Amino acid sequence: MSDATLTVRNLATGFKMGGRVMNVVREVNLEVRKGEVLGLIGESGSGKTVTGMSILRLLPDNAVTEADTLDFLGTDLLSLSAERFREMRGTRLAMVFQDPVGAFNPSKKISWHLKQVFERAGTKSPEHAARAKNWRQASIKLLADVGIPHGANVMRQYPHQLSGGMLQRTLIALVLVFEPDLIVADEPTTNLDNIVERQILRLFRDLQKRLDCGFLYVTHDMTIAAMLCDRIAVMYAGSIVEIGPTKQIFSDPKHPYTQGLLASALALDTKTERLQEIPGELPNPGNLPPGCLFEPRCKFAKAECRAKPPAMTDVGGGRNVRCVLYGHG
Amino acid sequence: MWEEGATFAASCMAMVEKAAPVDKNTPLLSVRDLLVRFKLRDGLSAALSRGPTYLKAVDEVSFDIGRGEVLGLVGESGSGKTTIGKAILRLYEPQSGSIVVNGVDITRMGDRALKRYRRDLQMVFQDPLSSLNPRHTVRTSLRTPLLLHKICPPSEVEKRIDEALTRSGLSPVFKARYPHELSGGQLQRVAIARALTMSPGLVVADEPVSKLDVSVRAQILNLFKDLQTKFGISIIFITHDLRVARYLCHRIGVMYFGKLVEIAPVEELFTAPKHPYTKALLGTVGAEGESLDGAQVAGEAFNPAADTTGCRYYARCPMRVDRCKTAHPPMETIKSGHDIACYEWRRS
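Criteria and cut-off values
Residues numbered from 1 in each chain as written. Chains lettered and ligands numbered in written order. Predicted model: local features only at pLDDT ≥ 70, side-chain atom pairs only at ≥ 80, totals over all residues. Contact = placed C-beta atoms within 7 Å. Helix = DSSP H or I, 4+ residues; strand = E, 2+ residues; numbered from the N terminus. Nonpolar A, V, L, I, M, F, W, Y, C, P; charged D, E, K, R; others polar. Buried ≥ 20, exposed ≤ 12 C-beta atoms within 10 Å, placed from the backbone. Pairing = 2+ DSSP bridges. Right-handed = clockwise from strand over helix to strand, strands pointing away. Axes fitted to C-alpha atoms, helices over the stretch in contact; angles between N-to-C directions.

### Looking at the interface of chain B and chain A
And step 1. Listed by partner, the interface residues are 32 residues for chain B and 31 residues for chain A.
And step 2. Ranked by residues supplied to the side of chain B that touches chain A, first place goes to helix α8 (residues 214-231) of chain B with seven residues.
And step 3. In terms of residue class, the side of chain B that touches chain A is built from 14 nonpolar, 10 polar and eight charged.

### Quick notes on the pairing of strand β8 (residues 182-186) of chain A
Residue and element names in this part refer to chain A.
And step 1. The buried count for β8 comes to five of five residues, which makes it a mostly enclosed element.
And step 2. With burial as the criterion, each face of β8 is covered, one bearing Leu182, Val184 and Asp186 and the other bearing Ile183 and Ala185.
And step 3. Sheet topology places strand β7 (residues 93-96) next to β8; four bridges connect them, and they run parallel. Directly across from Val96, in β8, lies its bridge partner Ala185.
And step 4. Between β8 and its parallel partner strand β9 (residues 214-219), the chain crosses via helix α8 (residues 194-211), and the hand of that crossover is right-handed.

### Some points on the sheet that holds strand β3 (residues 37-41) of chain A
All names here are of chain A.
And step 1. Spatial ordering of the open sheet is given by β7-β8-β9-β3-β10-β11-β13-β12, a layout of eight strands whose pairing is mixed. Two strands in the sheet have a free side with no partner beyond their single neighbour: β7 and β12 (313-316). Strand after strand, the sheet turns through a mean of 20° between neighbouring axes, direction not considered.
And step 2. By the bridge criterion, five bridges tie β8 to β9 in an arrangement that is parallel. Bridged to Asp186 within β9 is Val218.
And step 3. Packed onto the sheet, helix α1 (residues 48-56) meets β3, β7, β8, β9 and β10 (231-236) and runs at close to 145° relative to β8.

Listed below in structure tokens is the structure:
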């Protein structure tokens, strides 16, 4: 599609462990369109974080990433030199992590962090350079945009003096200095309490609408995905098993894993008498089943599921499912 | 095997009741004005300033648990729910207040009496990997408490371990395994089996599913539900997840920065919450397809180390009035079984 901000085709990432490569992510195909929030959801170990980090090239040295296409607004991210990539990361490609405390230098005031980022942004365009000169005023305005009304006071403080919610807001302000084209957020509200979580989610949605950028949101929480995302990609054991518009996936999940996940999720507004279980456990990445990865836990499993991994099948309505129940692709 | 499990629980109850014969209708456990505080400043810095400062992690909390009841304690991180659980097991020493089990105040118990009491009260922790000794097999981890507390003759220990594992949904072949060989769900089943070998009257479960994968979580929640209905064990279920609390608990207590602000039967709490904090909490955890456009809760949280007077929820509360600033509202019974700490609840 022409309006794709990010296009990923056949991404695979593995880690070198004692002479062999352990594959943790394979056959990942997705695109993040301009102005859309794509949710990447899955359990711990499903490969959602590794997928995000592969795109941003933030994995440790023993990681091996391969892909047919890794295109970001016409730039091939795979062939980009480390130096060029560094220029792009943080400016046009931004990220927000789970732990805001770890993202700040604990010995420097908030103003120092903002100044650094404005100075770096100043090299991007003359317009940005003008803002960099007036970085104090620009910072206060930016902090107000992310819901911190007393920006001048906050800038005089050290990171440890701010609450988790305030730090996450400040981090978002830092990201916004560049007006990025793509934001990757990895569980950015997990460490926050419920009420602050809701505030930050609202902030994300408003900013994303305003910037009209692409947004890849990594989370394990179906409720958050339902509230925030336009489309959802469900990952299981390193592969995307289902991708499509949020509403359709919630109202009519196709893949047996998605169905199980939704059935075993508890609702708040009604009393659940008996929770449905998905039997079994996640497969060990060193010892994956030969066919469909979900086959050992699947109630629809049959002989052909064990023979070879199923391919993605287009089931219409912008939805793709990796399951033999819907044909062979 | 299930039936035998029931007799374990029954014999345990019989034993508890022998120790102090009590009426069936009295609560299993009564907590009154429990205060647990931690020293924030100590040593030299305390000597240089005006003495040590304290953080009240649990501030004069009172509640009861009936026999066979599941009480949920919900709240955000830092609200003191884990501290209450640990104080009930005397893993933390309370500053003041009482914890009465079958007519005996355990805050004043000596070590010997406490050992006996701890047998009847077991805990299941959040992280099963760190609550099992990595160098012990499952068998050793389960056998040690049985021998220490002389639960059964040594000849019956193996049989008892097998039964506990089976009841927790694990095959006895897991006895020979080490913790690192097991998955998170299996480890939590072992931790639950270990608690069950003691035939406890009360289990304190502290976030036992929050570290588990979503697809495994339902299995463990159903295990808790089955154990509770089959053996009538009382459970204090500590969780930050309101959906989990609604699924498992009979009554729910809502904590906010060391204070219990509301306690009510589960359906009443969900359908007719009275405390403004409970309302805000229920508004934040939406159902599927729910939008982000609900009522907003403004303001930052209470600072437990700095603010000591007034209602803890004052800064965020949409219903605050002047007197909320000067004293924390006392617990008030507004209906049988429904208590609330708020001056202004009638306005809601």
